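Observations on the three-dimensional arrangement
So you can see what is in the structure, the chains are spelled out below.
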Amino acid sequence: MELRTAIEILEYHQEWRIGKRDDMIHEPKTITEALDRVLREVKKKLTWMDETITCPFCESINTVVICAESKCACDDCLNEFEV
Ligand SMILES: [Zn+2]
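Residues numbered from 1 in each chain as written. Predicted model: local features only at pLDDT ≥ 70, side-chain atom pairs only at ≥ 80, totals over all residues.

Turning our eyes to something else, we now look at the overall build of the protein. A count of helical and extended segments in the protein gives 2 helices and 6 strands. In the protein, the succession of helices and strands from N to C terminus is α-α-β-β-β-β-β-β. Burial analysis of the protein (83 residues in total) assigns 6% to the buried set. For the protein, the share of sequence-separated contacts (at least 6 apart) that also reach a separation of at least 24 residues comes to 25%. (Helix = DSSP H or I, 4+ residues; strand = E, 2+ residues; numbered from the N terminus. Buried ≥ 20, exposed ≤ 12 C-beta atoms within 10 Å, placed from the backbone. Contact = placed C-beta atoms within 7 Å.)

Here's what the structure looks like:
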């Protein structure tokens with residue numbers, strides 16, 4: 001499954017879940033395939049760091065840091081910062 005297709009399927013499904021769409025047009029099997037495709041892609045771009053780091057913006061201590069190309073997003077304020 002193409003990544004773009006997977007994202008479109010998940011976006012449509014999410015819109016259905018929150019009531020923006022009337023019809024659930026995708027089979028559960030297709031949703032699973034789309035989730036697997038997107039997760040595989042996301043995991044390629046992330047590094048999971050099992051350490052705590054203090055956010056330079058709100059000083060919140062983040063216990064799980066998700067980084068993409070050495071950038072992290074704070075769990076609380078959602079600001080991005082370099083590590
Ligand atoms: Zn923060």
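Picking up where we left off.
A few words on helix H1 (residues 3-17). Helix length check: H1, at 15 residues, gives a terminal C-alpha distance of 21 Å against a target of 21 Å (1.5 Å per residue), a fit within 8%. Looking one or two places after H1, you find Gly19, whose phi comes out positive at around 90 degrees. (Expected span 1.5 Å × (residues − 1).)

The next thing to look at is helix H2 (residues 28-45). The terminal C-alpha atoms of H2 lie 26 Å apart, and with 18 residues this matches the ideal 26 Å at 1.5 Å per residue to within 8%. Within H2, only 1 of the 18 residues are buried, which leaves the element largely exposed.

Tracing the sequence through the fold places Val38 in helix H2. Judged by the 16 C-beta atoms lying within 10 Å of it, Val38 is partly exposed. C-alpha separation for the pair Val38 and Leu10, spaced 28 residues apart in sequence, amounts to 9.0 Å.

Looking at the protein as a whole, its pLDDT mean stands at 87, while 89% of the residues score no less than 70. Per-element averaging of pLDDT across the protein places strand S4 (residues 65-68) at the bottom with 62 and H1 at the top with 96. (pLDDT = per-residue confidence, 0-100.)

Direction vectors running N to C along H1 and H2 enclose 120 degrees, while the axes themselves pass 9 Å from each other. As far as their axial angle goes, H2 and H1 are oblique. Judged by the sense of rotation from one axis to the other, the crossing of H1 with H2 is left-handed. Side by side, H1 and H2 meet where Leu3, Ala6, Ile7, Ile9, Leu10 and His13 of the first sit next to Thr30, Ile31, Ala34, Leu35, Arg37, Val38 and Glu41 of the second. A class-by-class count of the residues in the contact of H1 with H2 yields 9 nonpolar, 2 polar and 2 charged. (Axes fitted to C-alpha atoms, helices over the stretch in contact; angles between N-to-C directions. Parallel < 35°, antiparallel > 145°, perpendicular 65-115°, else oblique. Left-handed = near helix turned anticlockwise from the far one by under 90°. Nonpolar A, V, L, I, M, F, W, Y, C, P; charged D, E, K, R; others polar.)

Looking now at unusual backbone geometry. Outside of glycine, negative phi angles account for most residues, and trans bonds account for most peptide bonds. The phi angle at Glu59 is positive, at roughly 60 degrees, despite the residue not being glycine. Within the secondary structure, Glu59 is located in the loop between strand S2 (53-54) and strand S3 (61-62). Since 10 C-beta atoms lie within 10 Å of it, Glu59 is described here as exposed. Although it is not a glycine, Leu78 adopts a positive phi angle of roughly 70 degrees. Looking at the element boundaries, Leu78 is found in the loop between strand S5 (71-73) and strand S6 (80-82).

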